[in-house]
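Summary of the model geometry
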Amino acid sequence: MKYDNMLDKVKSVLAAMWTTLSRKKPLVSSYVEASDLCRVLGLVDLTALGVASTLGMGVYIMAGSVAKIAGPGVAFSFLIAGFAATLSALCYGEFAARVPKAGSAYVYSYVTMGEFVAFIVGWNLCLEYVIGTACVARGLSNYIDALVGDTISTFFSTYFPMNIPFLASYPDFFGFFIMFSFSCVVAGGVEISSTFNKLFTFINLTTLVIVIVAGAYKANFSNWTLSPTDEGFPTDGSGGRGGFLPFGFLGVFSGAAKCFYSYTGFDSVATTGEEAKNPQKLIPLALLMTLTIAVVTYLGVAISLTLMWPYFDQSVRAPFPYAFEKTNMPGVKWVVTTGALCALCSCMVGCIYATSRIIYSMANDGLLFKPLRRVNSKTQTPLTATLLIGAFTGMVATIFDMEQLVDMTSIGTLTAYTIVSFCILLLRYEVQGVTEEKGLTQTADTLAEGSTLLRAFFNMDKAATPTSQSSLIVKLMVAFFTLSSVAFSASVAGVSNATTRPFAVFLMVLSSAGIIASVLVIIRQPQSREQLSFRVPLVPILPIVSSFMNIFLMVMLNVQTWVRFFIWMLLGFVIYFGYGIRHSAEAKKREQSPPAYNMSNPPARFSVTVD
């Protein structure tokens, strides 16, 4: 009897915990809740914000560092990362059509997968933008330092050396000053930062056209066919085996994992849900325009850079000024330098803007500390959050070097993008017209009743609309697909090692079978036919490919990056379970009245008109 009572108590606690962690933000509240932010951003503003956040440090600095690990194949690295980012952008576009709120993927996952997953997504977006903005600040500081003959770094490394593992060799106080100064600009108001952003984005794009044309003029195709027998080829192994892919496809994929950072800024567009004039239409369009411009530009830049100068002799800190100096084009060097400085400045504005809106949205939901949600009445911006971000991000830029920051940004971004792709899958196969509580009760029983498992998993009864049973099957298959994708990605990395090759091949075959089986089962399930202003095409194929590529790129990152990532996540869990779970605004609303709608049960007829 005591055992039964104890078991009942454990079940009760687990059920209560599940209900708490899986509570969803009602879709209807995402439309009708009042906002203190101002709707002033049009299509040009949104696209400029996305381009500014995307074509920053990646286009002027990352191309050189990635070329050292991928060779001329850096063009493939940018193309692979761009393809993965485009698939994620399509998922963002559908969510923006559904939920026109500030918060980007955080809000999207809140209304789809529940509060705990939403916190994980939001916390990873904070990681993306905080570390990414710090990376831009550090990159801008390094760029200026390179132009003045390394005077800044020499001074700080001489008088303030840091001999601490996993940290930079010296504190970059200049980077902190840059970071906080731009935070003040963003805190001044969205119109001020938008005007500033558009001006520098125009200068940036003009400069990039000059860079690509000048690089084509100085192109030397022999730089794509260099071999160890050529004069000047490095003998320390840093040049690989030469040719177009000196480090093989593994180098290309490793480069893609690093340069994925270059595309991460596109989701800053999705954070403008409460400041865009017509978010359901303009945000999806701006996302696609941003990625199109970014992919074309990165390809042009990568090709020009590696044709101008050998990949193994690229500058990691300022590749284009270095390459143009080596090719006797000092005039273009200074044009590029001016454009690079403008690009990094506009990129910083876009990153700070996006970070402040993510933190504002999470604080507004009670998952982060209350002062972070305050909006200044004069500037109509989350002033406290913006300035705090400037100070904290400046500290990160001060103590970490750029390579460490790039890897940390990529893993946070890839995690968030993977969850967004899964959200689209789950949402398309969700039951329409079933409340959250009712759906949870039904799914525990429906899989075992009626038809056999085989008939249910392959929808042999040809159900035309989602049911609780088909929805549960999709959730199980998404989990199985995730595990199989991780195993497959790990096996690809293990094949290159002769010691682990036999096991890696076996794991690759087994995981491939798991991926194929899970995809086939998902394809057979019935989808929701809800009409939206924008829908991801070819569901479930595109979200599945997107999530697989993101998982694969995550596995390609190094162990140190994963260790830092787990530390960041541990800190996030402490904040959520110590503060957010008790101060959740959604929990307080439910105490007052039960939720009327969720993503599975939207209002029958509801529309938003924005003048």
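Residues numbered from 1 in each chain as written. Predicted model: local features only at pLDDT ≥ 70, side-chain atom pairs only at ≥ 80, totals over all residues. Heavy atoms only, no water.

1. A few points about unusual backbone geometry
Of note, the bond from Val539 into Pro540 is cis; its omega dihedral lies within 30 degrees of zero at 15 degrees. In this structure, Pro540 sits in the loop between helix 20 (501-524) and helix 21 (541-555). The phi torsion at Asn328 lies on the positive side, around 60 degrees, for a residue other than glycine. Mapped onto the secondary structure, Asn328 falls in the loop between helix 13 (319-326) and helix 14 (330-364). We classify Asn328 as exposed; its relative accessible area is 63%. Phi angles above zero are rare outside glycine, and Leu538 is one such case at about 55 degrees. Topologically, Leu538 is positioned in the loop between helix 20 and helix 21. With relative accessibility at 61%, the residue Leu538 sits in the exposed group. (Helix = DSSP H or I, 4+ residues; strand = E, 2+ residues; numbered from the N terminus. Buried < 20%, exposed > 50% of the residue type's maximum accessible area, 1.4 Å probe, protein only.)

2. Describing the confidence of the model for the protein
Overall, the prediction assigns the protein a mean pLDDT of 80, with 87% of residues at 70 or greater. The lowest-confidence element of the protein is helix 17 (residues 436-446), averaging 44 in pLDDT; the highest-confidence one is helix 20, averaging 91. Low confidence marks residues 434-450, where pLDDT is under 50. Its contacts with residues over four positions away, or in another chain, come to 27 contacts. (pLDDT = per-residue confidence, 0-100. Contact = heavy atoms within 4.5 Å.)

3. What to know about the packing of helix 3 (residues 43-54) against helix 14
Remark: helix 3 packs on helix 14, axes separated minimally by 7 Å, with the N-to-C direction vectors making an angle of 115 degrees. Judged by the inter-axis angle, helix 3 sits roughly perpendicular to helix 14. The way helix 3 lies across helix 14 gives a crossing that is left-handed. In this structure, helix 3 uses Leu49, Ala52 and Ser53 to contact helix 14, whose residues at the interface are Ala343, Ser346, Cys347, Gly350, Cys351 and Tyr353. Grouping the constituent residues of the contact of helix 3 with helix 14 by class yields 6 nonpolar, 3 polar and no charged. (Axes fitted to C-alpha atoms, helices over the stretch in contact; angles between N-to-C directions. Parallel < 35°, antiparallel > 145°, perpendicular 65-115°, else oblique. Left-handed = near helix turned anticlockwise from the far one by under 90°. Nonpolar A, V, L, I, M, F, W, Y, C, P; charged D, E, K, R; others polar.)

4. Section: the layout of surface pockets
Volume-wise, the second largest pocket comes out at about 650 Å³. Lining the second largest pocket we find 25 residues, and of these Trp123, Val130, Phe392, Trp568 and Leu571 sit closest to its centre. Listing elements by their share of the lining of the second largest pocket, those giving two or more residues are helix 7 (115-147), helix 15 (383-399), helix 16 (402-428) and helix 22 (559-583). Ranked by residue count, the leading element in the lining of the second largest pocket is helix 15, at 7 residues. Residues that form the lining of the second largest pocket fall into these classes: 23 nonpolar, 1 polar and 1 charged. (1 Å grid on protein atoms, 1.4 Å probe; cavity = no way out; pocket = protein on both sides within 12 Å on 5 of 7 lines; lining within 4 Å. Points joined across faces, edges and corners; volume = space filled by probe spheres on them.)

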